[in-house]
Amino acid sequence: MLAAPAAAEDTIVTLTVDAAGGLSITVPARANLGHGVEGSTVSGQLGPVTVLDQRGSLTPNWTATVVSTDFTTGGGSSGETIPNINVRYWSGPATATAGGGVFTPGQPTAAEQVVINVPRTAFSHTGGSGNNFATWNPTLLVNIPDGTVEGVYTGTVTHSVF
């Protein structure tokens, strides 16, 4: 039988758990939508977009947005520019996810596509805890206005995560 101690004191012990990383987004470096003529629409998938949340958060909420520049060729004159008001986007469903919480596509179907001349929600995550990720393969549609001259047009589609 053990004797009771004459006196006792407690020590409060703490430790810190660091997050493995932060909140990041990866996108394809390039995408080619193919060919079209004035008055038509060219469309294609951009390739996989992935948000990786390694913040180890109790509330790992995030929103990914997307916006497009104008598409230009040559000197970028009016006939050499496809204004970004002609660029539409739909995220489609997730192709892969991991972690708890709810993953929500900004535009689950083609019927919900949006013009991306201003930042629009591409995908979001709410709830759960800890690390998570989502991948989707969005579709871009570009309406080629009448009067657009022949050339290879280049624009930038920017995905951001907050």
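Worth saying up front: this structure is predicted, and the values here are computed from it rather than measured.

Draft legend 1. Seen up close, the overall build of the chain. When its secondary structure is counted, the chain shows zero helices and 14 strands. Listing the helices and strands of the chain from first to last along the sequence gives β-β-β-β-β-β-β-β-β-β-β-β-β-β. Taken over C-alpha atoms, the radius of gyration comes to 24 Å for the chain, far larger than the 15 Å a tight globule of 162 residues would show. Viewed in the frame of its principal axes, the chain has a C-alpha envelope of about 95 × 30 × 20 Å. When the 162 residues of the chain are sorted by exposure, 29% land in the buried category. When contacts within the chain are restricted to residue pairs at least 6 apart in sequence, long-range pairs at least 24 apart make up 77% of them. Of the roughly 9,500 Å² of accessible surface on the chain, 55% is carried by carbon and sulfur atoms. Averaging the positions of the 4 positive and the 10 negative side-chain charges in the chain gives two centres separated by 6 Å.

Draft legend 2. Structural context of the sheet that holds strand 11 (residues 120–126). Pairing is antiparallel across the open sheet formed by four strands, whose spatial order is 9-11-4-14. Since the sheet does not close on itself, it has two edges, and those belong to strand 9 (102–105) and strand 14 (157–161), each with one partner. Strand-to-strand, the axes of this sheet are offset by a mean angle of 15°, without reference to chain direction. When strand 9 meets strand 11, the two strands line up antiparallel, connected through four bridges. By the bridge assignment for strand 11, Val102 is matched with Thr126.

Draft legend 3. Here's a closer look at the sheet that holds strand 8 (residues 94–98). Across the sheet, which stays open at both edges, the four strands sit in the order 1-3-12-8 with antiparallel pairing between neighbours. Looking at which strands have only one partner, the edges of the open sheet turn out to be strand 1 (23–26) and strand 8. Between one strand axis and the next, the sheet turns through 10° on average, direction left out of account. Pairing geometry for strand 8 and strand 12 (residues 130–136), over four bridges, is antiparallel. In the strand pairing of strand 12, Ala98 is matched with Phe133.

Draft legend 4. Highlighting the layout of surface pockets. In this structure, the largest pocket occupies an estimated 1,000 Å³ of space. Ala31, Leu33, Phe71, Tyr153 and Thr154 are the residues nearest the centre of the largest pocket, which is lined by 31 residues in total. Elements with a minimum of two residues in the lining of the largest pocket: strand 13 (139–143) and strand 14. The class makeup of the residues in the lining of the largest pocket is 18 nonpolar, ten polar and three charged.

How each quantity is defined
- Every chain's residues receive numbers from 1 upward, in the order its sequence appears when written.
- Residue-level local features of this predicted model are given only where pLDDT is at least 70; pairs of side-chain atoms are given and counted only at 80 or more, and the full residue set underlies all totals for whole chains, interfaces and linings.
- Calculation of side-chain values draws on the structure's entire complement of heavy atoms; hydrogens and water are dropped beforehand.
- Numbering goes from the N terminus for both helices and strands, where a helix is a DSSP run of H or I of at least four residues and a strand is a run of E of at least two.
- With the radius of gyration taken over C-alpha atoms, the globule rule is written as 2.2 Å times the number of residues to the power 0.38.
- Each residue gets one of three labels from its accessible area relative to the maximum for its type: buried under 20%, exposed over 50%, partly exposed in between, using a 1.4 Å probe on protein chains only.
- In what follows, a contact means two residues having at least one pair of non-hydrogen atoms within 4.5 Å.
- Computed by Shrake-Rupley with a 1.4 Å probe, the accessible areas treat only the displayed protein chains as cover when residues are assessed.
- Under the counting rule used here, the positive set is Lys and Arg, the negative set is Asp and Glu, and His together with the chain ends is not counted.
- To locate a charge, take NZ of a lysine, CZ of an arginine, CG of an aspartate or CD of a glutamate.
- When DSSP finds two or more bridges between a pair of strands, those strands are recorded as paired.
- Axis definition: a line fitted to C-alpha atoms, limited for helices to the stretch in contact. Angles are taken between N-to-C directions and run from 0 to 180 degrees.
- Grid spacing is 1 Å over the protein atoms alone, the probe is 1.4 Å, and a cavity is where that probe fits but cannot get out, while a pocket is an open set with protein on both sides within 12 Å along at least five of seven lines and lining residues have an atom within 4 Å of a point.
- Grid points are joined across faces, edges and corners, and a volume is the space filled by probe spheres set on the points.
- For this classification, Asp, Glu, Lys and Arg are treated as charged, while Ala, Val, Leu, Ile, Met, Phe, Trp, Tyr, Cys and Pro are nonpolar and the rest, including Gly, are polar.

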